[in-house]
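Overview (structure and organization)
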Amino acid sequence: MDTAVKVAVVYYSATGHVADIARELAETAEKAGAEVRLRRVAELVPQEAVESQPTQSATSAATAGIPLARVEDIVWADAVLMGSPTRFGNVAAQLKQFLDSLGGAWRRGELADKIYSGFTSTGSPHGGNESTLLALMHSFHHFGGIVVAPGFTHPDKFADGNPYGTAHHDAGGTLPVGDITRNAARVQAERVVRLARNLTATAP
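Description of the overall build of the protein chain
The number of helices and strands found in the protein chain is nine helices and seven strands. If you line up the protein chain on its principal axes, its C-alpha atoms span 50 × 40 × 30 Å. Counting only residues that meet the buried cut, the protein chain has 48% of its 204 residues in that class. Counting only contacts in the protein chain whose residues sit at least 6 apart along the sequence, the fraction spanning at least 24 positions is 78%. Accessible area of the protein chain: about 9600 Å², with a carbon and sulfur share of 54%. Of the side chains in the protein chain, 18 bear a positive and 21 a negative charge, and the two mean positions are spaced by 4 Å.

Thoughts on the nonpolar core
Counting 26 residues, the largest nonpolar core has Val 7, Val 9, Tyr 11 and Phe 119 as the members making the most contacts within it. Among the secondary structure elements, those contributing two or more residues to this core are β1 (6–11), α1 (17–31), β2 (35–40), β3 (79–87), β5 (115–122) and α9 (179–202). Residue contributions to this core peak at seven residues, all from α1. Membership of the second largest hydrophobic core comes to 25 residues, among which are Ala 69, Trp 76, Met 82 and Ala 135.

Considerations on the side chain of Thr 28
Inspection of the secondary structure assignment puts Thr 28 in helix α1. Engagement of the side chain of Thr 28 in a polar contact is seen with the backbone oxygen of Glu 24, the distance being 2.9 Å. In this structure Thr 28 touches Arg 186, Ala 189 and Glu 190, once residues within four positions along its chain are discounted.

The rules behind each value
- Residues numbered from 1 in each chain as written.
- Predicted model: local features only at pLDDT ≥ 70, side-chain atom pairs only at ≥ 80, totals over all residues.
- Heavy atoms only, no water.
- Helix = DSSP H or I, 4+ residues; strand = E, 2+ residues; numbered from the N terminus.
- Buried < 20%, exposed > 50% of the residue type's maximum accessible area, 1.4 Å probe, protein only.
- Contact = heavy atoms within 4.5 Å.
- Areas by Shrake-Rupley, 256 points an atom, 1.4 Å probe, with all protein chains shown as cover.
- Lys, Arg positive; Asp, Glu negative; His and termini not counted.
- Charge placed at Lys NZ, Arg CZ, Asp CG, Glu CD.
- Core = buried A, V, L, I, M, F, W, Y, C linked by side-chain atoms within 4.5 Å.
- Polar contact = N/O pair within 3.5 Å; in protein donor to acceptor, adjacent residues only side chain to side chain.

See below:
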């Protein structure tokens, strides 16, 4: 019988920072023994607008090979790591549209009793990262999910300073994802996999 924990990492990224965190989370979860689906949500911005922005166009090209997220990916998973850049302290419309597509699965009870955790990136250190993660948690609670925040459970979390999830700030697009954020992502992914494994092991 396959007992591997199933983890879905679902994200939206315009400039590549959230995508980098998503890859770090996915790779760490795999190293921890999980079966992982890395998925991006669909872009809503017209292609000509994407192509007019060099950074967004490069991100689109670099992540084109990552499959688009489907409702089935969330239903399949034991744990879901979900990420979005902040939009005025809230979740980006692209990820919000995907969340809205989960209504049928929610009504069937297929989103409940899973582990959920969030990640984000902002333009400045206090540019909405905490409020974006908390906004994501609102949906997780409505799903009947089990929210697993990293908290301050590891020394690396004191370095990035966000107990709600992994949060990067890119200094207006100039600061790549570095060791502080990557270490925080590893702490989060390892915690999610460990607790998901405990949860699935005790499931009837």
